[in-house]
Each structure stands twice: as structure tokens, then as C-alpha cells.
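Close look at the chain arrangement
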Amino acid sequence: MTPFQRWRIAVPLAVISALLLGATALGAWAYWNVDSTAENALTVFLCLMFVLCLGTSLSIGFDRKISDVPWLRIGTVLVFIVLSCGVSWVRDTL
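This text gives an overview of the structure that appears in the document.

Rules used throughout
- Residues numbered from 1 in each chain as written.
- Predicted model: local features only at pLDDT ≥ 70, side-chain atom pairs only at ≥ 80, totals over all residues.
- Heavy atoms only, no water.
- Salt bridge = Lys/Arg side-chain N within 4 Å of Asp/Glu carboxyl O.
- Helix = DSSP H or I, 4+ residues; strand = E, 2+ residues; numbered from the N terminus.
- Buried < 20%, exposed > 50% of the residue type's maximum accessible area, 1.4 Å probe, protein only.
- Axes fitted to C-alpha atoms, helices over the stretch in contact; angles between N-to-C directions.
- Parallel < 35°, antiparallel > 145°, perpendicular 65-115°, else oblique.
- Left-handed = near helix turned anticlockwise from the far one by under 90°.
- Nonpolar A, V, L, I, M, F, W, Y, C, P; charged D, E, K, R; others polar.

As a further point, take the pattern of salt bridges. For the coordinates displayed, the defined rule picks out two salt bridges. With a closest N to O distance of 2.5 Å, Asp35 and Arg91 form a salt bridge. With Asp35 in the loop between helix 1 (3-31) and helix 2 (37-62) and Arg91 in helix 3 (residues 71-93), this pair connects stretches of sequence that are 56 residues apart. Here the two residues Asp35 and Arg91 agree in accessibility, since each one is buried. Arg73 is the salt-bridge partner of Asp63, the closest N and O atoms lying 2.8 Å from each other. With Asp63 in the loop between helix 2 and helix 3 and Arg73 in helix 3, the pair connects residues that are ten residues apart, well separated along the chain. Under the relative-accessibility criterion, Asp63 is labelled buried at 18%.

Take the packing of helix 1 against helix 2 next. Geometry of a packed helix pair, given as the angle between the helix axes and the separation of the axes. Here helix 1 crosses helix 2 at 160 degrees, and the two axes come no closer than 8 Å. Judged by the angle between their axes, helix 1 and helix 2 are roughly antiparallel. As helix 1 runs across helix 2, the sense of the crossing is left-handed. Within the contact of helix 1 with helix 2, the residues separate by chemical class into 19 nonpolar, five polar and one charged.

The analysis is restricted to geometry; functional conclusions fall outside its scope.
See below:
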């Protein structure tokens, strides 16, 4: 893969991950005192999941050894985003 192809895959995943991380961090900052301890713990867990998504997304662009489409990394990012939807649902039901 050329660097351009790697970054064409990495940038959309990184932008989505960064937007989700930013929204979660902004919500944590705004509602930290209002939320319960369980909700705060799940918010921190969500932030951690989105940081891992962002790191995995950026690793696609920076890894020069990638010779084929990194389906495992793309799948990992997508699975973390889907799992975070479930964690958000659980957080809202508390």
C-alpha cells in the first residue's frame, strides 16, 4: 500500500474516533458533578475505548509495513465503536 492509500483509510476512522472522544470528554466535563459514580466510571471507560479507537486508526496511517488492506485494524475500530454504543445505552439506563 502507498502512504496515500493508508491515510485514505486512516483519516475517516481517526476523525470519527476523535469526534466521539471529544463529545464524550465534553459531556464528562459538563456533567461530572451531576452524574453518579457508576455513570462517571462508564464515561471514563468510554473515553478509554475512543482513545484506543483513535490510536488504532492512526496506526493504520503510520505503519509503513502494511502491504495489504488492514481489515483487522478496521474491524477493531468498528467493533469498539459498536461496543461503545452498548456501553452508552447501559450508561443511559442507570
